[in-house]
Amino acid sequence: MSVANKSVDTIRILSAEAIQRANSGHPGICIGAAPIGYELFADFLNFSYKNPKWDNRDRFVLSAGHGSMLLYSLLHLFGFDVTKEDLMNFRQLGSKTPGHPEYGVTQGIETSTGPLGQGVANAVGFAVAEAHLAAMFNRPDYPVVDHYTYVLCGDGCLQEGISYEACSFAGTQKLGKLILLYDKNDITIEGNINCTFSEDPATRFAAQGWQVIRVNDANNLHVLKAALTRAKSDLTRPTIIICRSVIGYGTPLADSPDVHGAPLGEANLQKTKEFYNWTEEPFCTPEDVREHCLKLAEQKLEKEQEWLKLFAKYERDYPDLAERYKKFMSGADPDFGEMPELFNFSNAEGTRVSGGKILNRLTSALPNLMSGSADLSPSTKTELKGKGYFSPDNREGCNIHFGIREHAMAAICNGIQLHGGLRICCSTFFSFSDYMKGAIRMSAIMDIPVIYVMTHDSIGVGEDGPTHQPVEQLVSLRSIPNVKVFRPCDGRETAAAYISALTSNSPTVIVLSRQNLPQYQGTGLTAMTGGYILSDCAGTPDVLLIGSGSEVEICMNAQQLLAQDGIKARVVSMPSLEVFEKQTDAYKEHVLPTLVRARVCVEAASPMSWYKYSRDLGEVVAMYSFGTSGPAEKLYPHFGFTKEEVAERAKLSIMRVKAL
């Protein structure tokens, strides 16, 4: 047996042993796809195990994240900081080898994968970033950005709708450095896929503009190598290599769903070892395999050294470009304090319009900013003017036509952000954020600063009716840990939201209005506290009026109405509940004094975010149903969003307090 084939068997056994020890995991793909993983790492993937974040490394994404032990075994053999003990602690609390690959937890993991299909879309994002940066920085004889993105998926990934969206986009964009390795074993948890997935993926991908290569036996390393070589030779289109494999190959449970998502069992593990003539102690790697894989990994270090020499010459011949490249890759933020124009607003306008102005004012300071939408940039106002559109003919374009593909858009943006060197925002109507929820959640889990711009934020959408009028979306996104949701009331609060997003390490959702809103004195950077006193009264307030976005205007008008009756009201603008909650107790007490128990919270959305602030004696003016079709100016009074209603609720709350 060659040492290469022996290495494949080592990956299989290490994976099976770790899953058995954890009594949890998915051995089938780890065993069946081991030759694919080995061939990629051994002969194609450029990486530096001593510097895993090397800029010009190839990216590898395991979209079928349940096969994480396959990846951990590969990382272990090829020199990354994944030890024998880490393999033995697979799926244990606090280990570096969690059940699915997690970005930031394990060295060598490019993105967190788990929900099937997300990794495919992330990989498309990596390929977009590579193509864009290459167009910006490469010069004749200086390919400083020149790497491939490889992604391994299974049947389940290609059944998910997100894969259709992402792969259609990739084919249209002719992302020739994207290679998808499809582990086709025809088995999912419920059995053979012939009852759920009868189409021919080859035909589908060919129709989407991909090069299609078939490997009829995934155990044949020579055929795999030839397929990958052929894939790399065609830079005019992405490539799918359909690798016919046997799930759990060599085990007593091979080619059955029983090997998909459960340990083999001690008896079957022993029989598997007999099939592979395996005599090593548990979790031990044969010495010749260890030497072989480490030798290959050492040879790959030369690629990094060659690139460093190339970049040194690049710095000499193109010093300005080299300096710009380093700034891009460092992720340094500009000094927004030197950009007062961000806060220049005077006329009433929708915050979506303000947001578009802000984005375009930012482009001079953020040349690495990209922006895209799901076919809605004329409405979301997120086009970067004069920056062109990314396409096969214009890789330098900073805008992206994602098409009507909200889920893939968000996941592709995760990949663009993870690649390094770029900042990314994407946009759609707020009601469609439901399509994006899975990818936004992954942004939050990975703690990466993707910016999501959601316009048409309330019943103010008007005539399009309840399907387009978001009601429950605010509370839904606010419930995701590590996500900041900003709903600004005017242009200056919108600018503060963008600055907060651009100086953050976590995702931000900026929720903007379609309808015109007034500009207020006193808004601006203070909004970065999440909540602040916008308009106060003399002395202690009788009531607090708390609102976000377009409803701040109603609170301001209600304050004046109450003043006519001698009632002192404080207006608090609360653009971001999550950010406000991170302030000190003293600050929160200053804005919302505990002793002022009369309160009215106003938001044209679900009331569920607001009971904490209205407390036991307050009122919440909110949406308790879906919206309806009609002009916005009629919908607001129809659902009780008027200054008169807020004033009456304030009086009711005050009466309730006095009755104590």
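Up top is the structure these notes are about.
Residues numbered from 1 in each chain as written. Predicted model: local features only at pLDDT ≥ 70, side-chain atom pairs only at ≥ 80, totals over all residues. Heavy atoms only, no water.

Peer 1: Please clarify how the packing of aromatic side chains should be interpreted in this entry.
Peer 2: The geometry of an aromatic ring pair is captured by two quantities: the separation of the ring centres and the angle between the planes. Tallied over the entire structure, the rule returns 29 aromatic pairs. With centroids separated by 5.7 Å and ring planes inclined at 50°, the aromatic side chains of Phe41 and Phe47 adopt a geometry described as tilted. Residue classification places Phe41 among the buried positions, given a relative accessible area of 2%. The buried category is assigned to Phe47, whose relative accessible area is 4%. In textbook terms, an aromatic cluster arises when at least three aromatic residues are bridged by ring pairs, as seen for Trp54, Phe137, Tyr142, Trp307, Phe311, Tyr314, Tyr318, Tyr325 and Phe328. Over the aromatic face of Tyr148 sits the side chain of Lys177, whose NZ or CZ is 5.9 Å from the ring centroid. (Phe/Tyr/Trp six-rings, centres within 6.5 Å; stacked < 30°, edge-to-face > 60°. Buried < 20%, exposed > 50% of the residue type's maximum accessible area, 1.4 Å probe, protein only. Lys NZ or Arg CZ within 6 Å of the ring centre and 35° of its normal.)

Peer 1: Explain the nonpolar core here, please?
Peer 2: As a rule of thumb, soluble globular proteins bury nonpolar side chains together. By size, the foremost hydrophobic cluster in this structure holds 138 residues, and its most contacted members are Phe78 and Ile241. Broken down by element, the residue count for this core peaks at 13 residues, all from helix H6 (residues 118–137). Not counting the four nearest positions on each side in its chain, Ile241 is found in contact with Ile179, Leu180, Leu181, Tyr182, Ile213, Val215, Ala227, Leu228 and Ala231. Within the second largest apolar cluster, 33 residues are counted, among which are Val471, Tyr520, Tyr532 and Val602. (Core = buried A, V, L, I, M, F, W, Y, C linked by side-chain atoms within 4.5 Å. Helix = DSSP H or I, 4+ residues; strand = E, 2+ residues; numbered from the N terminus. Contact = heavy atoms within 4.5 Å.)

Peer 1: Any chance you could explain the pattern of salt bridges here in plain terms?
Peer 2: Note on pairing: side chains with opposite charge can pair once their charged atoms come close. Summed over all chains, the structure comprises 33 salt bridges. One salt bridge connects Arg57 with Glu110, and the closest N-O pair in it is separated by 2.8 Å. Residue Arg57 is located in the loop between helix H3 (34–43) and strand S1 (59–62), and its partner Glu110 is located in the loop between helix H5 (84–88) and H6; the two are separated by 53 residues in the primary sequence. With respect to class, Arg57 is no different from Glu110; both count as buried. Put simply, Asp457, Arg478, Arg487, Glu551 and Glu603 are held in one network by salt bridges that share partners. (Salt bridge = Lys/Arg side-chain N within 4 Å of Asp/Glu carboxyl O.)

Peer 1: What's the story with the packing of helix H1 (residues 3–22) against helix H11 (residues 266–275) in this structure? I'm lost.
Peer 2: Two quantities define a packed helix pair, namely the angle between the helix axes and the distance between the axes. Between H1 and H11, the shortest axis-to-axis distance is 11 Å and the interhelical angle comes to 170°. Classified by the angle between their axes, H1 and H11 sit roughly antiparallel to one another. Facing H1, whose interface residues are Ile13, Ala16, Glu17 and Gln20, H11 presents Glu266, Leu269, Thr272 and Lys273. (Axes fitted to C-alpha atoms, helices over the stretch in contact; angles between N-to-C directions. Parallel < 35°, antiparallel > 145°, perpendicular 65-115°, else oblique.)

Peer 1: Even after reading the chapter, I still don't get the pairing of strand S8 (residues 369–373), so can you show me in this structure?
Peer 2: Counting buried residues along S8, 5 of its 5 residues qualify, which places the element largely inside the surrounding structure. Here S8 shows a buried face lined by Leu369, Ser371 and Ser373 and a second buried face lined by Met370 and Gly372. Note that S8 and strand S10 (residues 423–429) share 5 bridges and pair parallel. Following the sheet pairing, Gly372 is matched in S10 by Cys426. Sheet analysis places S8 next to strand S9 (residues 399–401), joined by 3 bridges and oriented parallel. Bridge pairing in S9 places Ser371 opposite Asn399. (Pairing = 2+ DSSP bridges.)

Peer 1: Help me understand the environment of Asp464 in this model?
Peer 2: Mapped onto the elements, Asp464 comes out in the loop between strand S11 (451–455) and helix H18 (473–478). Linking Asp464 and Arg395, residues 69 residues apart in sequence, is a C-alpha distance of 36 Å.

Peer 1: Honestly, the pairing of strand S2 (residues 149–154) in this entry has me stumped. Any pointers?
Peer 2: Across a regular strand the side chains alternate sides, sitting on one face of the sheet and then on the other. The buried fraction of S2 amounts to 6 of the 6 residues, a majority that puts the element mostly inside the structure. Alternating residues of S2 divide into Thr149, Val151 and Cys153 and Tyr150, Leu152 and Gly154, and every residue in both groups is buried. Inspection of the sheet shows S1 paired to S2 by 4 bridges, in the parallel sense. From the neighbouring strand, Arg59 faces S2, where its bridge partner is Thr149. For S2 and strand S3 (residues 178–184), the ladder comprises 6 bridges, and the chain directions are parallel.

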